[in-house]
Amino acid sequence: MADTVDNALKTPDLGQPWAELGLKPDEYERIREILGRRPTSSELAMYSVMWSEHCSYKSSKVHLRKFSELSQETPIGKLLAGIGENAGVIDVGQGYAVTFKIESHNHPSYVEPYQGAATGVGGIVRDILAMGARPIGVMDPLRFGPLDAPDTARVLPGVVAGVGGYGNCLGLPNIGGEVVFDKTYLGNPLVNALCVGVLRHEDLHLAHATGAGNKVILYGAATGGDGIGGVSVLASETFDADGPAKRPSVQVGDPFMEKLLIECTLEIFQAGIVSGIQDLGGAGLSCATSELASAGDGGMHVDLDLVPLRDSTLSPEEILMSESQERMMAVVEPHNVDAFMKICEKWDVLATVVGEVTDGDRLLIDWHGETVVDVPPRTVAHEGPVYNRPYARPDWQDRVQSDTPESLARPSSGAELAQTVLAMVASPNLCDKSWVTNQYDRYVRGNSVLAQPEDAGMLRIDEETQLGVALATDCNGRFAYLDPYAGAQLALAEAYRNVAVSGARPVAISDCLNFGSPEDPSVMWQFTEAIRGLVDGCKALGTPVTGGNVSFYNQTAETAILPTPVVGVLGVIDDVTKRTPIGFATEGDEVWLLGDTRDELAGSAWAEVAHDHLGGLPPTVDLDHEQRLATTMITGAAAGLWSSAHDLADGGLTQALVESSLRRDVGVTVTLPEGVDPFVYLFSESAGRVLVSLPAGSAAQLQELAAAGQVTATRIGVVGSAGPDAVLTVEDQFSLALSEIRDAWQAPIPAALGV
Amino acid sequence: MAPRIGVVTFPGSLDDSDALRAVRLAGAEPVPLWHANDTLDGVSAVILPGGFSYGDYLRCGAISRFSPVMDELIKAAGAGMPVLGICNGFQILCEAHLLPGALIRNDVRTFVCKDQAMRVESVDTPWSSHFEQGQEITIVLKNGEGGYVADQGTLDRLEGEGRVVFRYLHGNPNGSYRDIAGISNERGNVVGLMPHPEHNVDPLTGPSLDGTAFFTSVLDFLTAKV
């Protein structure tokens, strides 16, 4: 027997499992106030998932508002859609618009790595699709526990196979991302997924249900028992150190169905026969029905008996909470329903009219002829609880910041420096990631101009005009731990720089804010500081935040992850043939360093690898300088000045030299400038620096450009010979064969995983 | 008039637009074909593209092989029409028994995406005539189930009849018997291979231009025939 509205009225004092569903006492009370009675069990299910942290952003909302207060203007024009839609949309010119977004799928990926990661990709792709865009690429910033931890051998291969298994089968090139290891991610790996899509301006679709009498169509996969309560039970709670596995809450993905859904949906958009469309992700039907109705101008009536089920024993509560994947909901005018069904039939996609838009302002849901849900949709979707969680700078922050790396023993002789280079390239965070990225298809669709290990991924969007977009995602959680405000800005600056280094102009950002428990005031402080840093940073750079995602509760017992505000920056390039790759190309090219190097080793890769040390203050951020440096890089690229360009980040100059050399097995000889400390010059992680190479004889052009941008340019060497005998030489210090560096660099991941 | 070359889209095909582009760049007229139609639309050659048709759920290519378009394709192939199967297309050709053997899960157990070196072992097919015998080329390889297997007798016959068209070099990426990357039927008009020549026709997006010769070869073949 289903718990109907009538029944709820008759049994006002019936005990309800609100606590088990993740609701707090005052939240349950508020539901009773809104409805003027106790909720039915179906209503309780809806409210519990929609008011979960994951869906309602109840702990972050008051802070995230600062993003929407930013100017909605990008350096190349106004946003066509901003925060609040499924994904932000940017006008990139020539009638094209681009939409992109980054989301987390952290908790499911720990419980069930393959399916968790796979459905993370699937979810973000549907968000992009729902905007009316063709998804054209994905990226995956991933974070794991120590490479040598036994559980990493379970989580890492599963996550990578899941990302690849789903994305490859969808035919979306994977063009970048990150793979980072730190002990704080051991029980809380981070699986973030970014998708980018392209559309013509006129094809933009926003999710809302309008027009009484319009039909509500559920299409895609049938609804099963997978992922029930995923957002409330999994994503909105801290893992107990020794609690039971939460596997039943993880969804199961079917990428083939999603591929059909993409082609089918794009054809439906083309035909111009939908009024509103929404993907079903977290909170499933509860979310889609309430959000569509809430954003529209009427009510909605849905008959749950019509929902196609994989399991006929599912209760109405379960149907409403199921997070079965590969489902979409469309609002279609009655005279277009036949045409809609025909397209679905062509693609073998199941489509069912399950309800219609109504005149009223209620969301009504029936089951076996009786009403089981009768709610104002806004109270479910948009007027959830809002918390002003207490936050306070932790008392340990001063101690961490005063524990500077100055006292750490530094290598001094050439031999010691050479040993340090080899140790650094063989460390998990700086080693070769191709074991991961070779499991992703980076070529499909034939428009991947740049892909990992390049600084940014770049996709051509018009073969005739060569218009393209570039994307980079970055975050150094160690810096964010030392100072979350500066750390967030450093993440922003790095992603911004990576896009500019490729030759594209950075225009907008999306962020995925991964933190510990918001119920811990220290974590909440980290979060508010990171937001403040991003807001100030975006103001300075003129790049709006187009949307993103917050993931809290990345915490096992008392151990929170490093604060990890991952920033994705989107750039636009008018002519992708002018892109700049990272690899040294031609013997005799001059090698220059742009930017200034200071003694900044706190939080650096060296401090971690050599001393397992994390203390002090992160490198200084100068966003005005970042902007001038970006202009220098973009102008130089358009003029065809650079043979290569590579951002300096983790591992400093040495790592950039190694990566630029190994890309095409081309050596390099570096002459350190007069008077510098070789160790600091080679390993400092000062921000705002780029390693460039350019044809001999072009130096004057570079110097002119650098002077105009007030960017320091220092000639530091020359590109060497290619081939098996290539070497990386730092004059007066050391010389290492590239083959020796490569062996050390390639070994760690395969060795740790025993493959 | 440029020869018309068809590319079949099955549910789950992914590299169909790439194959159409490669046909166009080679100078032929690309013609999209739909799996559910029992017609080849008058094309002179057909490419079965890469992807995960029907999700590869039953066995790669096992369901697509029964598409209405395949009946027409099998007839046309029997009459000598050039047919190229790339990756999933190769798997479909094996399932359809237009080519012998089968493709199984990579021995490394993971999906592999890399720029793969291979040697052209036969230039006696309409898809490889523009290469030099023994030429070393680099072509994008990307698959999870690319291990070519067949019984000893079949392998010996393929070798003896010069029907191994491409062979992996510098390391076998997926456990294929005898390093076989691509084969042809007896007549030579039907060729299947795991690597993706359509991703190697544009210097901006591919690691080489070695894929171009596949498409110019067949274009020449078709032009000469006309």
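Residues numbered from 1 in each chain as written. Chains lettered and ligands numbered in written order. Predicted model: local features only at pLDDT ≥ 70, side-chain atom pairs only at ≥ 80, totals over all residues. Heavy atoms only, no water.

(A) Spotlight on the overall build of chain A. What chain A contains, in helices and strands, is 27 helices and 29 strands. Overall, chain A is about 85 × 55 × 45 Å in size when its C-alpha atoms are taken along their principal axes. Here chain A holds 755 residues, and 64% of them are scored as buried. For chain A, contacts bridging at least 24 residues in sequence account for 85% of all contacts bridging at least 6. (Helix = DSSP H or I, 4+ residues; strand = E, 2+ residues; numbered from the N terminus. Buried < 20%, exposed > 50% of the residue type's maximum accessible area, 1.4 Å probe, protein only. Contact = heavy atoms within 4.5 Å.)

(B) The overall build of chain B, seen in detail. Looking only at helices and strands, chain B has five helices and 11 strands in total. Rg of the C-alpha trace for chain B: 16 Å, near the compact-globule value of 17 Å for 226 residues, within the 12% margin. With the C-alpha coordinates aligned to their principal axes, the bounding extent of chain B is approximately 45 × 35 × 35 Å. Here chain B holds 226 residues, and the buried ones make up 64% of them. Residue pairs in contact within chain B that sit at least 24 positions apart in sequence constitute 73% of those at least 6 positions apart. Positive and negative charge centroids in chain B, built from 17 and 27 side chains respectively, lie 3 Å apart. (Rg over C-alpha atoms; globule rule 2.2 N^0.38 Å. Lys, Arg positive; Asp, Glu negative; His and termini not counted. Charge placed at Lys NZ, Arg CZ, Asp CG, Glu CD.)

(C) The interface of chain A and chain B, seen in detail. Facing the 30 residues of chain A at the interface are 27 residues of chain B. Summed over both partners, the interface of chain A with chain B comes to about 2300 Å²; 58% of that surface belongs to carbon and sulfur atoms. Our count for the chain A to chain B interface comes out at four salt bridges. A salt bridge links Glu463 of chain A to Arg21 of chain B, with the nearest nitrogen and oxygen atoms 3.0 Å apart. Inspection of the chain A/chain B interface yields 12 residue pairs in polar contact (both at pLDDT 80 or more). Sorting the residues of the side of chain A that touches chain B by element identifies α8 (152-170), α10 (255-271) and β15 (448-450) of chain A as the ones contributing at least two each. Residues of the side of chain A that touches chain B, tallied by class, amount to 12 nonpolar, nine polar and nine charged. (Buried area = accessible area lost by both parts, 1.4 Å probe. Salt bridge = Lys/Arg side-chain N within 4 Å of Asp/Glu carboxyl O. Polar contact = N/O pair within 3.5 Å; in protein donor to acceptor, adjacent residues only side chain to side chain. Nonpolar A, V, L, I, M, F, W, Y, C, P; charged D, E, K, R; others polar.)

(D) Here's a closer look at the pattern of salt bridges. One pass over the structure, following the stated rule, counts 42 salt bridges over all chains. A salt bridge links Glu263 of chain A to Lys259 of chain A; its shortest N-O distance comes to 2.8 Å. In this pair, Glu263 of chain A and Lys259 of chain A both sit in helix α10, four residues apart, roughly one turn of the helix. Of the two residues, Glu263 of chain A and Lys259 of chain A, neither departs from the other in class, the shared state being buried. Within the structure, one salt-bridge network assembled from shared partners comprises Arg119, Glu121, Asp156, Glu159, Arg167 and Arg178 of chain B.

(E) Fine view of the packing of aromatic side chains. Inspection of every chain in the model, using the stated rule, returns 16 aromatic pairs over all chains. Relative to Phe679 of chain A, the ring of Trp606 of chain A has its centre 4.7 Å away and its plane inclined at 65°; by these criteria the two rings are edge-to-face. Here Trp606 of chain A, found in helix α21 (residues 605-611), pairs with Phe679 of chain A, found in helix α24 (residues 678-683); they are 73 residues apart in sequence, far enough to count as distant. Each member of the pair, Trp606 of chain A together with Phe679 of chain A, is buried. An aromatic cluster is built from Phe256 of chain A together with Tyr54 and Tyr57 of chain B, whose rings are joined through pairwise contacts. For the cation-ring pair, Arg154 of chain A lies above Tyr110 of chain A, with the distance from its terminal atom to the ring centre recorded as 5.2 Å. Sitting above the plane of the Tyr96 of chain A ring, Arg200 of chain A keeps its charged end 4.4 Å from the centroid. (Phe/Tyr/Trp six-rings, centres within 6.5 Å; stacked < 30°, edge-to-face > 60°. Lys NZ or Arg CZ within 6 Å of the ring centre and 35° of its normal.)

(F) Structural detail: the sheet that holds strand β5 (residues 134-144) of chain A. Residues and elements named next belong to chain A. Across the sheet, which stays open at both edges, the seven strands sit in the order β1-β2-β3-β4-β7-β5-β6 with mixed pairing between neighbours. This sheet does not close on itself; its edge strands, each paired only once, are β1 (73-74) and β6 (174-181). Where β5 and strand β7 (residues 190-200) come together, seven bridges link them in antiparallel fashion. Within β7, the position partnered with Met139 by the bridge is Leu194. Where helix α7 (residues 113-130) meets the sheet, its contacts fall on β4 (96-104), β5 and β7, and the angle it forms with β7 comes to roughly 25°. (Pairing = 2+ DSSP bridges. Axes fitted to C-alpha atoms, helices over the stretch in contact; angles between N-to-C directions.)

(G) The arrangement of the sheet that holds strand β11 (residues 190-193) of chain B in detail. All names here are of chain B. A sheet is described by the order of its strands in space; here nine strands give the open sequence β2-β1-β3-β4-β11-β10-β9-β6-β7, paired in mixed fashion. Every other strand in the sheet has two partners, leaving β2 (29-34) and β7 (136-143) as the edge strands with one partner each. Taken pair by pair, the neighbouring strands of this sheet meet at an average axis angle of 25°, ignoring direction. Inspection of the sheet shows strand β3 (residues 45-48) paired to strand β4 (residues 83-86) by three bridges, in the parallel sense. By the bridge assignment for β4, Val46 is matched with Val83.

(H) Quick look at the environment of Ser64 of chain B. All names here are of chain B. Checked against the element boundaries, Ser64 lands in the loop between β3 and α2 (68-78). For the pair Ser64 and Asn88, spaced 24 residues apart in sequence, the C-alpha separation works out to 9.7 Å. Apart from the residues lying within four places of it in its own chain, the contact partners of Ser64 are Phe10, Ser53, Tyr54, Met70 and Ile92.

(I) Region of the structure containing the domain arrangement of chain A. All names here are of chain A. Each assigned domain of chain A is listed with its residue range as follows: domain 1 (54-71 + 103-381) and domain 2 (414-431 + 580-755). Computed from C-alpha atoms alone, the centre-to-centre distance between domain 1 and domain 2 is 41 Å. Summing both partners gives a buried area of about 640 Å² for domain 1 against domain 2, and 67% of it is carried by carbon and sulfur. Inspection of the domain 1/domain 2 interface yields one residue pair in polar contact (both at pLDDT 80 or more). Listing elements by their share of the side of domain 1 that touches domain 2, those giving two or more residues are α8 and β6. For the side of domain 1 that touches domain 2, the residue count by class is seven nonpolar, no polar and two charged. (Domains from an automatic or database assignment.)

(J) Structural view of the pairing of strand β22 (residues 564-573) of chain A. All names here are of chain A. Counting buried residues in β22 gives 10 out of 10 residues, a clear majority hidden from the surface. The two faces of β22 match: Thr564, Val566, Gly568, Leu570 and Val572 on one face and Pro565, Val567, Val569, Gly571 and Ile573 on the other face are all buried. Of the strand pairs in this sheet, strand β17 (residues 468-474) and β22 are connected by seven bridges, and their pairing is antiparallel. Counted as the bridge partner of Gly468 is Ile573 from β22. Relative to β22, strand β18 (residues 505-514) is paired through nine bridges, and the arrangement is antiparallel.

(K) Spotlight on unusual backbone geometry. A cis amide bond links Gln452 of chain A with the next residue in sequence, Pro453 of chain A, at an omega value of 5°. Position of Pro453 of chain A relative to the elements: it lies in the loop between β15 and β16 (457-460). For Ala283 of chain A, which is not glycine, the phi dihedral falls at a positive 70°. Structurally, the position occupied by Ala283 of chain A is in the loop between β9 (276-280) and α11 (284-295). A positive phi is found at Cys87 of chain B, a non-glycine position, where the angle reads about 55°.

(L) Spatial organisation of the side chain of His63 of chain A. Residue and element names in this part refer to chain A. Structurally, the position occupied by His63 is in helix α5 (residues 61-68). Owing to a relative accessible area of 5%, His63 belongs among the buried residues under this scheme. Beyond its immediate sequence surroundings of up to four residues, His63 is in contact with Tyr391, Met524, Phe527, Thr528 and Ile531.

(M) Inspection of the nonpolar core at higher detail. Judged by nonpolar contacts, the single largest core of 68 residues is most densely connected at Phe67, Ile461, Leu513, Phe527 and Leu570 of chain A. For this core, the leading source of residues is helix α20 (residues 521-541) of chain A, giving nine residues. Discounting residues that sit within four places of it in the chain, Ile461 of chain A has contacts with Val92, Tyr96, Val98, Ile136, Val198, Leu467, Gly468 and Val469 of chain A. Formed by 66 residues, the second largest nonpolar core is a distinct cluster that contains Leu40, Ala77, Val201 and Leu219 of chain B. (Core = buried A, V, L, I, M, F, W, Y, C linked by side-chain atoms within 4.5 Å.)

(N) Geometry of the packing of α8 of chain A against α10 of chain A. Residue and element names in this part refer to chain A. Orientation of α8 relative to α10, taken along the N-to-C sense of each, is 35°, at an axis distance of 8 Å. Helix-helix and strand crossings are classified by hand; for α8 and α10 the assignment is right-handed. Of the residues in α10, those in contact with Gly165, Tyr166, Cys169 and Leu170 of α8 are Pro255, Phe256, Glu258, Lys259 and Ile262. Taken together, the residues of the contact of α8 with α10 break down into six nonpolar, one polar and two charged. (Left-handed = near helix turned anticlockwise from the far one by under 90°.)

(O) Quick look at the confidence of the model for chain B. With 100% of its residues at a pLDDT of 70 or more, chain B has an overall mean of 97. In the model output, the complex is listed with pTM 0.95 alongside ipTM 0.97. (pLDDT = per-residue confidence, 0-100.)

(P) Quick peek at the environment of Arg167 of chain B. Residue and element names in this part refer to chain B. Within the element layout of this structure, Arg167 appears in strand β9 (residues 164-168). Residues Arg167 and Asp210, spaced 43 residues apart in sequence, show a C-alpha to C-alpha distance of 15 Å. Contacts of Arg167, omitting those with residues within four sequence positions, involve Met118, Arg119, Glu121, Glu159, Arg178, Asp179, Ile180 and Ala181. A distance of 2.8 Å separates polar atoms of two side chains, one belonging to Arg167 and the other to Glu159. Looking at Arg167, its side chain comes within polar contact range of the main-chain oxygen of Arg178, at 3.0 Å.

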